[in-house]
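Summary of structural features
Each chain, letter by letter, is given below.
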Amino acid sequence: MILRHLTLQQYRNYPSLHQEFSPTLNVLAGANAQGKTNLLEAIYLLATSKSMRGNRDEELIRWDAPAAVVTGEVLREKANDIEVEVALSRAEKKSLVVNTVRVHRAMEFVGQFKAVSFSAADLEVVRGEPSRRRRFLDLEIAQLSPSYVHALGYYRKVVEQRNRLFKTARDRSMRAIVEETLGAWTDQLVQYGSRMMERRAHFLEQLQAFSQPIHTLMTDGAERLTVAYHPSFKAPADVEGIQERFREALGGMREEELRRQVTLLGPHRDDVTLLVNGRDVRTFGSQGQQRTVALSIKLAEVELMRDLTGESPVCLLDDVFSELDARRRAHIFDVTLDSCQTFLSTTDLELLPRAILERGRAYEVQEGEVRPWPSLPDEAEKRAA
């Protein structure tokens, strides 16, 4: 999968950009706050319809503009080539477009173009709050499963409506009506939530299969990584079994939910535990161990997407090399450069060996403009410095 051409209009600090890219490596170099991460974020937006930084859509629009547009021309091995577009507006709902035709469901857009991002923020997936790990699951599974996108969208609406209904119950005169109506929303919560849980469990099982050997290799066999799914209630593996157990668990929580006026069980309360040699790395791991786990998971994600789809995703590396040693940098290159189109941002080209730089193109990013880098660092000059 290759992003051949990217167009930005009024996106972040880019008033306008029309840029073709190398099918192999694209190095974006420049000082901080010039637009390198913004460009990678725009590419990720085309894959997921979401910012990789979690920003609201309005924040992606240039400060003095009413709207922004991101368009990509994508070459695909396993399907026809495609053009994808995301149009953002301060006044209207986000527009998703595939081959000039607007689609009205996210499941028709997400995953047409696939990308995996690597950044310092990945560390928060390991050491941050459960919401960071749930967001990771949603973004990555969505690229692989349109049905997951469908279930996720409806599930969020059901949780919102169910919680609103609970708040109505504060008026005691409405309690009977609320309890009568609650069953219909609970049925939908179970229906969509069970599908999400089954898919999450399966995805994490597959992710562990790829991440374990990668992590073992990066730690010279000293560490074993375990990726464990922790739903908000104990459940079997099949959808029917999950539905039955979900309904039972909700029944036992009914009075507590009415009292607290919120939905207490379901995928929105899930978590993922990451263990190194049987110990929770979030609580007991060093920062170095946490960083290695985050990297193992991301590299595994690339391998998993390639295995499931027969096509490599585009890899987005956002200034990750400054905090990695040479061995871990080499692992990233081993997984990405030989099989993925890669976009790499850096403030210092000298962090990259000339042999790597010569495999693609280097660009200078300055104040929302992208131009070819004038010349690559010379190895003799680097040694002399």
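Description of the structure in this document. This structure is a prediction, so every number in the text was calculated from the model and none was measured. (Residues numbered from 1 in each chain as written. Predicted model: local features only at pLDDT ≥ 70, side-chain atom pairs only at ≥ 80, totals over all residues. Heavy atoms only, no water.)

**Some thoughts on the pattern of salt bridges**
This is how the line gets drawn: Definition used for salt bridges: Asp or Glu carboxyl oxygen within 4 Å of a side-chain nitrogen of Lys or Arg. Numbering of helices and strands runs from the N terminus, with a helix taken as a DSSP run of H or I at least four residues long and a strand as a DSSP run of E at least two residues long. Remark: exposure states derive from per-residue accessible area (1.4 Å probe, protein chains only) relative to the maximum for the residue type, with buried under 20%, exposed over 50%, and partly exposed in between.
Under the criterion given, the structure shown has 29 salt bridges. Glu41 is the partner of Arg53 in a salt bridge, and the nearest nitrogen-oxygen pair spans 2.9 Å. Taken together, the positions of Arg53 in the loop between helix H1 (36–48) and strand E4 (67–75) and Glu41 in helix H1 put the pair 12 residues apart, joining distant regions of the chain. Residue Arg53 is classed as partly exposed on the basis of its relative accessible area, which comes to 39%.

**Some points on the sheet that holds strand E1 (residues 2–11)**
What counts is decided by this rule: Strands pair, by our definition, only if DSSP identifies at least two bridges between them. Note on definitions: angles span 0 to 180 degrees between N-to-C directions of axes, and those axes are lines fitted to C-alpha atoms, for helices only across the stretch in contact. Any two residues whose heavy atoms approach within 4.5 Å at even a single point are treated as in contact.
In space, the six strands of this open sheet follow the order E2-E1-E4-E5-E6-E7, with antiparallel pairing throughout. Across the chains shown, the open sheet's two edge strands, defined by having one partner strand only, are strand E2 (14–20) and strand E7 (101–103). In this sheet, neighbouring strand axes are inclined to one another by 20° on average, regardless of whether the strands run parallel or antiparallel. Judged from the six bridges that link them, E1 and E2 form a sheet pairing that is antiparallel. Looking at the pairing, Tyr11 lines up with Tyr14 of E2. Sheet strands in contact with H1 are E1, E2, E4 and strand E5 (82–89), and its direction is about 110° off that of E1.

**Considering the layout of surface pockets**
Any empty space left between the atoms is revealed when a probe the size of a water molecule rolls over them. What counts here: Whether a set of points on the 1 Å grid over the protein atoms alone is a cavity depends on a 1.4 Å probe fitting there but being unable to get out, while an open set qualifies as a pocket with protein on both sides within 12 Å along at least five of seven lines; lining residues are those with an atom within 4 Å of a point. Grid points are joined across faces, edges and corners, and a volume is the space filled by probe spheres set on the points. Amino acids are sorted into nonpolar (Ala, Val, Leu, Ile, Met, Phe, Trp, Tyr, Cys and Pro), charged (Asp, Glu, Lys and Arg) and polar (every other residue, Gly among them).
Empty space within the largest pocket amounts to approximately 1,100 Å³. Lining the largest pocket are 37 residues, and of these Lys50, Ala106, Val149, Gly153 and Arg156 sit closest to its centre. Those elements giving two or more residues to the lining of the largest pocket turn out to be strand E6 (95–98), E7, helix H3 (130–144), helix H4 (146–168) and helix H5 (175–218). In terms of residue count, H4 provides more of the lining of the largest pocket than any other element does, 10 residues in total. For the lining of the largest pocket, the class distribution of residues is 14 nonpolar, 10 polar and 13 charged. Space inside the second largest pocket adds up to approximately 320 Å³. Lining the second largest pocket are 17 residues; nearest its centre among them are Met52, Ala121, Asp122, Arg132 and Arg135.

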